[in-house]
Amino acid sequence: MKRQTSAGHQNLAVSRREFGAGALALATVVCGVFSSHRSWADGPKKGGLFKVACDSSSAKDTLDPAKTISVIDLCRATQIYNRLVDIAPDGTLRPALAESWEGNAAGDEWVVKLRQGVSFHNGKTLTAEDVIYTIRRVLDPETASGARVLIADIDGAALKADDSRTLRIKLTAPNADLPSLLALYQLHVVPEGHTDFAKPVGTGPFSCRSFEPGVAAVFVRNANYWKSELPYLDEIHTIGIQDPTARFNALLAGDVHAITKLDANLVQRASSLTDISVLSTPGPAHATYPMRSDAPPFDSNDVRLALKYAMDREKLLSVAYAGQGVVGYDHPVASFNPYFCPEIPLRPYDPERAKFHLKKAGQEGATFELTTSTIIQNGVEAATIYAEMASKAGINIKVTQAPADGYWSATWMKKPWAMSTWWGRPTIDSTLGVAYASDAKWNEGAWKNAKFDQILKDARAITDFDRRKQLYWEAQRILAEEGPSIIPVFMNWLDATSAKIKGIQSHPMGNLGWFQWDEAWIDS
Amino acid sequence: MLKLILLRAVLGIASIWVISLLVFAITDILPGDTATAILGQEATEESRAALRDRLGLDRPAYIRYADWLANMVQGDFGVSFATDTPVAQTVSLRVANSLRLAIVAAILAVPISLALGLLSAAFPGSPFDKALTVGSLLVVSMPEFVVGLLLVLLLAVSFKLLPAVTTSLDTSSLAGTLRGLALPALTLLAAVQAHMIRMTRAAVLDVMRKPFIEMAQLKGASRGRIVLRHALPNAVGPIVNVVALNLGYLVSGVVVVEVVFSYPGLGLLMVQSVATRDMPVIQITAMIFCTTYVLLTLLADTLALLSNPRLRDAA
């Protein structure tokens, strides 16, 4: 997933969350209720209208897959289009428009075989030329796609159709993650030559009937969908409701059947209602506390370790996030990731060790300023609670709140210690590299480690899973011990649906089953 | 008289000009980089620079202001940064929606408030008068979003009579339109009623203390006749004034209400545009709100002048 810079949308959401923070602290921890989403007793029923409210919508909404940036864009694109490769709810790759893929030993040339008999909404048959057009559009700087840098290794000019169903991809550098990159949502396949994305054409389960940016989009069943018998639903309406309370009310009133981003302090209430199902799904999203390691005081790893030991992760999770998440190990790899290293112990909350490291660094009695903002989900609460924990270790943390507006350009990476949020990256290489490689553009901790860089470089050219895993485990160990950031919690995706909605499987990559609704149905 | 109205009009135009300066200055100093907001955090520095260049963001502020003002006066509202479509097109749809809401709210609010105010004035000190005073002040002292949410909880969530949000207005039928507008309009009614009720009551009671009312009473006229025929026409000045002021509020104060109900009007557009740093849209929506407010205030002043001989003669 991309970092959401359109997160300014969330401003209004926050004042009310702050208001509820006190009550939140007292609330018991409620686990996600994976209610009857998989009860298939009578089998799925066909037909019906499914109405969904995402958490933001603006005049900037787009159906151009290359430019997908917001949650609602992704929700809509997922209905209209398919990618070559899908990510299954268990996190593994599975074929979509590609039937199979294979790389050479060096990992720099790949052959993708397309599925037969797939047609676009306009009747055109899918060919390798459509895929080439799609990839070249994303690579074209004119398109200004957020995914361009992610697939920059693909040699656009050398893309070649061996025949109408066989695509040959040459890379300028080895990349064992290519299949994962083909699952990027900016690479939703569009027909060759298509440019008018107000009238989108895809191969997906639904076609777009109407679209008004900032207001609504309506999708209707694609009767010729390549997964036979699917989808079950006849129609999907998508709208945006920015205010979290209004969104929840719309669900309660029956105006919509599902909402994204349920407020954490509404989880308890929602779980107590029999006609509402709460989806609380572990995901890759996490807040970071990056310390600029290129200048004092954070250039001392002892200072960083002291601050890491001063964090009570379990408590932070239960208090600031209402228990809706998973504890973190100071590296960005989530525990469901196949490359996650289970051998790193959870860092305990240890005021004595924190004191020890602080003393070693000669920083006893120093005050550290931590900048946060309402744009960081639960960031203000988390920072405040953390400062309280640290004070028990004799560490003074001064929490400063910066404006949500313009936080990413004016505060983040400018202040010595400013919180940030990451929504997860499509590959293990970019998960570790995006903010921690020495030359990374978003090296938010200004951290440089030659050994870490070398591991990333080596692993890119290795296609053997076990050998790669060893390297990435080592990278995670380095980050946990020497890294610039405290990463105490991974946040769950929180959504809610009417209990009548079935067939939406929790998905680690995003809200509401990552919007993969071809098997969703309504139990009336 | 005419001179006085003209003076007001000139002052009004001057205020609008000052507002335009403020709007431009404030949107210009909003934190954050427009190019980053449009292209996203992950855009490269080159593409951001190219976009800034294309949008003319590198020119000095006073030149951009002069350009902007000149274009706006000629009816050219520019092109949206976010969508690359003409601003006028987006805004006109939203203005129509906000106007629909304001009109429905006005049709509800004005007669109800005037009637209640008159009733209150006809029976001053009665239990009805006291209850109305307490009730209307209680409602108006709650912020709109609280009133809106209470109405939603009651009418949408508990009784499921009306939709909790109105994300798109079904204009194909009158019933659909009214259903969608009911809750936002009721919320606006709650926000403006107290001022109008209190002012109507005060203005009518003020006249009721005049000797000619006593004369009418002595002649045996009924209470209703005294209030409607003798007192009301003489109290119309301040009442019209306060009605016009509140109409201004209905148009410009809808931002909160539109957000609470996700209603696709000008207010919601403004909030969405702030999030995407869409300067041309923010600027024009701010100008529309302020200009409407200034015009309706001007109208209120003029009506007050016309209906009050003392003010008129002062000219």
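Residues take numbers from 1 onward in each chain, read along the sequence in its written order. To label them, take the chains in the order written and letter them from A, then take the ligands in the order written and number them from 1. Totals for whole chains, interfaces and linings use all residues, but because this is a predicted model, local features are given only for residues with pLDDT of at least 70 and pairs of side-chain atoms are given and counted only at 80 or more. Excluding hydrogens and water, the side-chain figures rest on all heavy atoms present in the structure.

(A) The domain arrangement of chain B, seen in detail. All names here are of chain B. With domains assigned, chain B is organised as domain 1 (2-73) and domain 2 (93-314). A straight line from the C-alpha centre of domain 1 to that of domain 2 covers 32 Å. The partner domain 2 presents 16 residues to the 19 residues of domain 1 that form the contact. Buried area is understood as the total, over both parts, of accessible area removed when two parts are fitted together, assessed with a 1.4 Å probe. Both sides together, the interface formed by domain 1 and domain 2 hides about 1,600 Å², and carbon and sulfur atoms give 79% of it. Looking at the side of domain 1 facing domain 2, the largest losses of area belong to Arg 8, Ile 16 and Thr 27, adding up to 28% of the total buried there. Each reported salt bridge corresponds to a side-chain nitrogen of Lys or Arg within 4 Å of a carboxyl oxygen of Asp or Glu. Counting the contacts that link domain 1 with domain 2 gives one salt bridge. Among the ionic pairs, Arg 8 bridges to Asp 301, the shortest N-O distance being 2.8 Å. Here a polar contact is taken to be a pair of N or O atoms separated by no more than 3.5 Å, where protein atoms must pair a possible hydrogen donor with a possible acceptor and residues adjacent in sequence count only if both atoms sit in side chains. Inspection of the region where domain 1 meets domain 2 yields two residue pairs in polar contact (both at pLDDT 80 or more). The start and end points of each domain follow an automatic or database-based domain assignment. Whether two residues are in contact is decided by their heavy atoms, any of which lying within 4.5 Å being enough.

(B) Structural context of the pattern of salt bridges. All names here are of chain A. What the rule picks out here adds up to 27 salt bridges over all chains. Ionic pairing is found between Asp 523 and Lys 45, a salt bridge with its closest N-O pair at 3.0 Å. Residue Asp 523 is found in the segment after β20 (521-522), and its partner Lys 45 is found in the loop between α1 (11-26) and β1 (49-54); the two are separated by 478 residues along the sequence. Residue classification places Asp 523 among the partly exposed residues on the basis of a relative accessible area of 24%. For Lys 45, a relative accessible area of 31% puts it in the partly exposed group. For Lys 355, the salt bridge identified is with Glu 352, shortest N-O distance 3.6 Å. Residue Lys 355 and its partner Glu 352 are located together in helix α9 (residues 351-360), separated by three residues, close to a single helical turn. For every residue, the accessible area (1.4 Å probe, protein chains only) is compared with the maximum for its type, and the residue is labelled buried under 20%, exposed over 50%, or partly exposed between those bounds. Judged by relative accessible area, which is 36%, Lys 355 ranks as partly exposed. Through salt bridges with shared partners, a single network forms among Glu 109, Lys 160, Asp 162 and Arg 168. The helix and strand labels rest on DSSP assignments: H or I over at least four residues marks a helix, E over at least two residues marks a strand, and numbering proceeds from the N terminus.

(C) Broad picture of the environment of Leu 132 of chain B. Residues and elements named next belong to chain B. Of note, Leu 132 is situated in helix α6 (residues 127-140). With twelve residues separating them in the primary sequence, Leu 132 and Ser 120 have C-alpha atoms 7.6 Å apart. If sequence neighbours within four positions are ignored, Leu 132 has contacts with Leu 116, Ser 120 and Ile 197.

(D) Geometry of the packing of aromatic side chains. Residue and element names in this part refer to chain A. Note on aromatic contacts: the rings of Phe and Tyr and the six-membered ring of Trp form a pair at centre separations within 6.5 Å, being stacked when their planes are under 30 degrees apart, edge-to-face when over 60 apart, and tilted otherwise. Under the defined criterion, the tally for this structure stands at 18 aromatic pairs over all chains. Residues Tyr 329 and Phe 340 carry aromatic rings whose centres are separated by 5.5 Å and whose planes lie at 65° to one another, so their mutual orientation is edge-to-face. With a gap of eleven residues between them, Tyr 329 in the loop between β13 (325-327) and α9 and Phe 340 in the loop between β13 and α9 connect regions that are remote in the sequence. Judged by relative accessible area, which is 13%, Phe 340 ranks as buried. Aromatic pair Tyr 407 and Trp 408: ring centres 5.3 Å apart, planes at 85°, arrangement edge-to-face.

(E) Broad picture of the confidence of the model for chain A. Per-residue confidence from the predictor is reported as pLDDT, which spans 0 to 100. Per-residue confidence for chain A averages 88 on the pLDDT scale, and 92% of its residues sit at or above 70. Every residue in residues 1-39 of chain A is under pLDDT 50, and counting partners more than four places away or in other chains gives 100 contacts.

(F) Focus on the state of the cysteines. All names here are of chain A. The disulfide criterion used throughout: a pair of cysteine sulfur atoms within 2.5 Å. Under the definition given, this model contains zero disulfides over all chains. Here Cys 54 is not disulfide-linked; the sulfur of Cys 75 is the nearest cysteine sulfur, at 4.1 Å. Cys 54 gets classed as buried once you look at its relative accessible area, which sits at 0%.

(G) Representation of the packing of helix α7 (residues 301-309) of chain A against helix α14 (residues 465-482) of chain A within the structure. Residues and elements named next belong to chain A. Only C-alpha atoms enter the line fits that serve as axes; for helices the fit covers just the stretch in contact. Angles between N-to-C directions range over 0 to 180 degrees. Contact geometry of α7 with α14 gives a least axis separation of 8 Å together with a crossing angle of 90°. Judged on the interaxial angle alone, α14 and α7 are roughly perpendicular. Along its contact with α7, which presents Asn 301, Arg 304, Leu 305 and Lys 308, the element α14 presents Leu 479, Ala 480, Glu 481 and Glu 482. In the scheme used here, Gly and all other residues not listed as nonpolar or charged are polar, with Ala, Val, Leu, Ile, Met, Phe, Trp, Tyr, Cys and Pro taken as nonpolar and Asp, Glu, Lys and Arg as charged. Each residue belonging to the contact of α7 with α14 can be placed in one class, and the counts come to three nonpolar, one polar and four charged. Here is the rule for angles: anything less than 35 degrees is roughly parallel, anything more than 145 is roughly antiparallel, 65 through 115 is roughly perpendicular, and the remaining ranges are oblique.

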